[in-house]
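If you want the building blocks of each chain, they are given just below.
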Amino acid sequence: MNLLETLRLAARALLRSKTRSVLTALGIIIGVGAVIAMVAIGDGARASVQKVFDSMGTNLLIILPGSSNAGGARGGFGSQPTLTWDDLAAIRTELPAVRAAAPELRSNTQVFSDDQNWTTTVVGTTPDFFDVRSWTLAKGAAFTEPDNEAGAKVVVLGQTVVDNLYGAGANPVGQVVRINKTPFTVVGVTARKGQSPNGQDYDNTAFIPSTSFLRSVQAQSLGAYISGVVFVQAVSSSQTEQAQSEVTQLLRERHRLAEGEANDFDVRSLAELANGQQQSTQTLSLLLASIAAVSLVVGGIGIMNIMLVSVTERTREIGVRVALGARPRDILAQFLVEALTLSMLGGLLGAAAGVGVAKVLAAQFQWPMLVRPDVVVLALGFSALVGVGFGLYPARKASLLDPIDALRYE
Amino acid sequence: MHEGREAPPRGESRDIGRAFQGGEENRAMDVVREAPPLVELRGVSKVYRTGDVEVRALRGVDLSVQPGELVAIMGTSGSGKSTLMNILGCLDKPTAGEYLLDGRNVARLDRDGLARVRNRTLGFVFQSFNLLARTTALENVELPLLYAGVPTRERQLRARAALERVGLGERLEHHPKQLSGGQQQRVAIARALVGRPRLILADEPTGNLDSRTSVEVMSLFQELQREGLTLVVVTHEPDIAAYAGRVVVVRDGRIVADRRQVPQAAVLLPEEEEAAS
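Computed from a predicted structure; not experimentally measured.

1. Quick word on the overall build of chain B
Here comes step 1: Along its length, chain B carries ten helices and ten strands.
Here comes step 2: Evaluated residue by residue, chain B yields a buried proportion of 50% over its 277 residues.

Here it is as structure tokens:
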């Protein structure tokens, strides 16, 4: 008997008791659906975490200057300015894995409009900073390289600062604010960025050229040294590690550090932080998927149960088939294909259900819709495996029936 | 693996034509003397063991059946006639002794080989018909051909022809439930015939039928015999055995009588016909 005939036979046997077939397949439907939906949920969560890190810049490195050591009391990274403006220029121009680099000089300073004031973080930097830290401009434009070289008195305000100085929704471009009594013209407003993972308000910031910062905000100049950190953007996320080692290498050379001598700076990657988060969501999706896999196995046991009942019910039919010339393998194939049809049918319906659930959830949580085809194929393959695995025992039992007993069975 | 092909094709239509010319007995007897036996049992014993109890169902049975015979095996329940039938049908193997079917030692065949013999050489008719429920008459008759690997079209043509042969050409798409007992048994006979077997084994084929349909079934068997088929019918009714040309009586696992007789023609007597209608 060929495969097509066997398939037809299986389809007829299953259609004969539709309710039972559907209920039996339900275990597999739920199992496969759960696997696909769970993995999609895990992936969606991961993608949304990824989005957060992308907004911070995953291809981002932070260079912190060295630590001070005053009479044995070590100050930690950042306490001792060891990075020079020449270091920054070298990083920007000499390293292939680096796209851009910008300093960040910070100071908490009061900013005055005509009739209001607000204490905020004033950041002195270069125009590259906006790109490096993924800031976009909502109104106006960022200051330019010539502005920076000329020490122009221009400022880009964050949304929180605008809200507090001019009221929500106002457009302050062209207005003048005073920072440390120096008038700065507002040239742009950044788009709202929200909170950082540790609760800081990104938008409570005012950006001015680093040259103006040194002249008007910072009390005393450190001359050649940068009194802050440097942000470095790698050419791509995958190049972040490469950029990190290039920067480290370059700075060690420039600072003339001997072999074995500790770095007088620290290069950190946000990717490391991101990886940690990714790992935890990955663990979560693995957990969800394994719970779903267990339900798939339970579904398989349901199939085995019903197939055993079916073999017992059809004992006489099996006897007749054997008497008419069915070989043991024909009987085996008949029941195995029946189990396989059940599980594959369940698998297909479950895949459809899983994709549906994933879609609804993605819409609900505004995650990107992520149904991985490899997971669908895997789930279907697994359900086929379950069908064969749990169908084999009942089918074998059927094929080994003694025809005399089977024919006499009531 | 070509043991199923040994039977020369029989032109059924020609045989039917000849069958109605009558005077078959003498010619059949000639055949009996000349041809090698189709069935040959030599000292066949069967012992069942259930726990400590040993049941000797058959104790050294010798039996040979010539091609073209219609043999009735009679016996009370527990006489061993069912065991004998199971062994003849290759559903069971003897504990001792030899069974040659068409010259071939059945004991040497494996499960697949036995399946092939059942499929190609034998045809079964059961007391309770054993048709598959919720399956049409045509599909029931197709079953043996399905396992023989006959292609779909030929399978349907042959199944249709077999059902027409037993007078059920109008009932092809009926399910067993929609058929009377006699019709169901005729579907079963069509199913036994469709694989062109050499030997038909019928186990109490009239046990579930009234006397009128019993005669119809036996009449069909006599026709098949005249066409050259060999039939072995197990029964406990002397009325039924009267239609056979040879009666074998089994008691306590032994053959106690084996006689040839002039078979009664299976036609309905006028008063029976009246009673039936």
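2. Description of the overall build of chain A
Here comes step 1: Summing up its helical and strand segments, chain A has 13 helices and twelve strands in all.
Here comes step 2: When contacts within chain A are restricted to residue pairs at least 6 apart in sequence, long-range pairs at least 24 apart make up 76% of them.
Here comes step 3: A total accessible area of about 19,400 Å² is found for chain A, and carbon and sulfur atoms account for 58% of it.

3. Quick notes on the interface of chain B and chain A
Here comes step 1: At the junction of the two partners, chain B supplies 24 residues and chain A supplies 26 residues.
Here comes step 2: For the pair chain B and chain A, the two sides together bury roughly 2,300 Å², of which 54% comes from carbon and sulfur.
Here comes step 3: Counting the surface chain B buries against chain A, the share from its top three residues, B:Leu91, B:Arg111 and B:Tyr147, is 29%.
Here comes step 4: On the surface where chain B and chain A come into contact, there are three salt bridges.

4. Points about the packing of helix H7 (residues 181-193) of chain B against helix H8 (residues 211-226) of chain B
Residues and elements named next belong to chain B.
Here comes step 1: At a closest axis distance of 10 Å, the pairing of H7 and H8 adopts a crossing angle of 20°. As far as their axial angle goes, H8 and H7 are roughly parallel. Crossing geometry of H7 relative to H8 is assigned as right-handed. In this structure, H7 contributes Gly 182, Gln 185, Arg 186, Ile 189 and Leu 193 to the contact, and H8 contributes Thr 213, Glu 216, Val 217, Leu 220, Phe 221 and Leu 224.
Here comes step 2: Residue composition of the contact of H7 with H8, grouped by class: six nonpolar, three polar and two charged.

5. Thoughts on helix H3 (residues 81-88) of chain B
Because each turn of an α-helix spans 3.6 residues, side chains separated by three or four positions in sequence point in the same direction.
All names here are of chain B.
Here comes step 1: Counting buried residues along H3, seven of its eight residues qualify, which places the element largely inside the surrounding structure.
Here comes step 2: Of the residues making up H3, those classed as buried are Lys 81, Thr 83, Leu 84, Met 85, Asn 86, Ile 87 and Leu 88.
Here comes step 3: Of the residues trailing H3, Cys 90 is marked for its positive phi of about 60°.

6. Topic: unusual backbone geometry
Residue and element names in this part refer to chain B.
Here comes step 1: Positive phi outside glycine occurs at Asn 130, with the angle close to 55°.
Here comes step 2: The residue Asn 130 is located in the loop between strand S6 (122-125) and helix H5 (137-148) in this model.
Here comes step 3: The exposure class of Asn 130 is buried, given its relative accessible area of 6%.
Here comes step 4: Phi at Glu 204 is positive, roughly 45°, even though this residue is not glycine.

7. Quick notes on helix H3 (residues 85-94) of chain A
Residues and elements named next belong to chain A.
Here comes step 1: Taken together, the buried positions of H3 are occupied by Asp 87, Leu 88, Ala 90 and Ile 91. One side of H3 carries all its buried residues, which in axial view fall inside an arc of 160°. Residues of H3 that are exposed and point over 90 degrees away from its buried face: Asp 86 and Thr 93.
Here comes step 2: As for H3, its buried residues are in contact with strand S1 (60-65), strand S4 (98-112), strand S11 (229-234) and helix H8 (240-254).

8. Things to note about the sheet that holds strand S3 (residues 70-74) of chain B
All names here are of chain B.
Here comes step 1: In spatial order, the strands read S6-S7-S8-S3-S9-S10; together these six strands make up an open sheet with mixed pairing. Looking at strand neighbours, the two that pair on one side only are S6 and strand S10 (254-260), the edges of this open sheet. Taken pair by pair, the neighbouring strands of this sheet meet at an average axis angle of 20°, ignoring direction.
Here comes step 2: Strand direction decides the pairing type here: S3 and strand S9 (residues 246-251), joined by four bridges, are parallel. Residue pairing for S9: Val 71 is matched across the bridge by Arg 246.
Here comes step 3: Running at roughly 170° to S6, H7 makes contact with S6 and strand S7 (199-203) of the sheet.

9. With respect to the confidence of the model for chain B
Here comes step 1: When pLDDT is averaged along chain B, the result is 86; 84% of the residues meet or exceed 70.
Here comes step 2: The lowest-confidence element of chain B is helix H1 (residues 12-19) of chain B, averaging 41 in pLDDT; the highest-confidence one is S3(B), averaging 96.

10. Side note on the packing of aromatic side chains
Here comes step 1: For the structure on display, the rule yields eight aromatic pairs over all chains.
Here comes step 2: Here the aromatic rings of A:Phe130 and A:Phe143 are separated by 5.5 Å at their centres, their planes lie at 75°, and the arrangement is edge-to-face. With A:Phe130 in helix H4 (residues 128-132) and A:Phe143 in the loop between strand S6 (137-140) and helix H5 (145-150), this residue pair connects regions lying 13 residues apart in the sequence. Comparing A:Phe130 with A:Phe143 shows no difference in burial state: the two are buried.
Here comes step 3: Taking 5.8 Å as the distance between ring centres and 5° as the angle between the ring planes, the aromatic pair formed by B:Phe124 and B:Phe126 counts as stacked. When sorted by exposure, B:Phe124 lands in the same class as B:Phe126, which is buried.
Here comes step 4: Ring-pair connections join several aromatic residues into one group, and the members of that group are A:Phe129, A:Phe130, A:Trp135, A:Phe143, A:Tyr202, A:Phe207 and A:Phe231.
Here comes step 5: Just above the ring of A:Phe231 sits the side chain of A:Arg133; from NZ or CZ to the centre is 4.5 Å.
Here comes step 6: Of note, A:Lys193 hangs over the ring of A:Tyr202, and the distance from its end group to the ring centre comes to 5.2 Å.

11. What to know about the pattern of salt bridges
All names here are of chain B.
Here comes step 1: For the structure shown, the criterion picks out 29 salt bridges over all chains.
Here comes step 2: The partner of Glu 54 in a salt bridge is Arg 49, and the shortest N-O contact between them spans 3.2 Å.
Here comes step 3: Residue Glu 54 is classed as partly exposed on the basis of its relative accessible area, which comes to 46%.
Here comes step 4: Judged by its relative accessible area of 61%, Arg 49 falls in the exposed class.
Here comes step 5: Of the charged contacts in the structure, one is a salt bridge between Glu 69 and Arg 260, with a shortest N-O distance of 2.6 Å. In this pair, Glu 69 is assigned in the loop between strand S2 (53-65) and S3 and Arg 260 in strand S10, connecting sequence segments 191 residues apart.

12. Details of the sheet that holds strand S5 (residues 104-105) of chain B
Residues and elements named next belong to chain B.
Here comes step 1: Here four strands make up an open sheet; going across it, the order is S2-S1-S4-S5 and the pairing antiparallel. The open sheet terminates on both sides in strands that have one partner only, identified here as S2 and S5.
Here comes step 2: Note that strand S1 (residues 39-50) and strand S4 (residues 96-101) share five bridges and pair antiparallel. Looking across to S4, one finds that Val 39 is bridged to Leu 101.
Here comes step 3: Against the sheet, H3 contacts S1, S2 and S4, and its axis sits at roughly 120° relative to S1.

13. Topic: the environment of A:Gly319
Residues and elements named next belong to chain A.
Here comes step 1: Locating Gly 319 in the fold gives a position in helix H10 (residues 315-323).
Here comes step 2: C-alpha separation for the pair Gly 319 and Arg 408, spaced 89 residues apart in sequence, amounts to 8.3 Å.
Here comes step 3: Contact partners of Gly 319, with chain neighbours within four places excluded, come to Pro 403, Ala 406 and Leu 407.

14. Focus on a nonpolar patch on the surface
Residue and element names in this part refer to chain A.
Here comes step 1: Together, Val 297, Ile 301, Phe 382 and Leu 385 give the surface a local cluster of nonpolar side chains, amounting to about 330 Å² of exposed area.
Here comes step 2: For the nonpolar patch, the secondary-structure elements that each account for two or more residues are helix H9 (270-313) and helix H12 (373-399).
Here comes step 3: Relative to the helices and strands, Phe 382 is located in helix H12.
Here comes step 4: Residue class for Phe 382 comes out partly exposed when judged on its relative accessible area of 32%.

15. Notes on the packing of H5(B) against helix H6 (residues 152-165) of chain B
Residues and elements named next belong to chain B.
Here comes step 1: Running from N to C, H5 and H6 point in directions that differ by 120°, and their axes come no closer than 9 Å. With respect to their mutual orientation, H5 and H6 come out oblique. Along this stretch, H5 crosses H6, giving a crossing that reads as right-handed. Residues Ala 137, Leu 138, Val 141, Glu 142, Leu 145 and Leu 146 of H5 lie in contact with H6, whose contacting residues are Arg 155, Gln 156, Arg 158, Ala 159, Arg 160, Ala 162 and Leu 163.

Conventions we followed
- Residues numbered from 1 in each chain as written.
- Chains lettered and ligands numbered in written order.
- Predicted model: local features only at pLDDT ≥ 70, side-chain atom pairs only at ≥ 80, totals over all residues.
- Heavy atoms only, no water.
- Helix = DSSP H or I, 4+ residues; strand = E, 2+ residues; numbered from the N terminus.
- Buried < 20%, exposed > 50% of the residue type's maximum accessible area, 1.4 Å probe, protein only.
- Contact = heavy atoms within 4.5 Å.
- Areas by Shrake-Rupley, 256 points an atom, 1.4 Å probe, with all protein chains shown as cover.
- Buried area = accessible area lost by both parts, 1.4 Å probe.
- Salt bridge = Lys/Arg side-chain N within 4 Å of Asp/Glu carboxyl O.
- Axes fitted to C-alpha atoms, helices over the stretch in contact; angles between N-to-C directions.
- Parallel < 35°, antiparallel > 145°, perpendicular 65-115°, else oblique.
- Left-handed = near helix turned anticlockwise from the far one by under 90°.
- Nonpolar A, V, L, I, M, F, W, Y, C, P; charged D, E, K, R; others polar.
- Arc of directions from axis to C-beta.
- Pairing = 2+ DSSP bridges.
- pLDDT = per-residue confidence, 0-100.
- Phe/Tyr/Trp six-rings, centres within 6.5 Å; stacked < 30°, edge-to-face > 60°.
- Lys NZ or Arg CZ within 6 Å of the ring centre and 35° of its normal.
- Patch = residues over 30% accessible without salt bridge, like charges linked within 9 Å, V, L, I, M, F, W, Y side chains within 5 Å.

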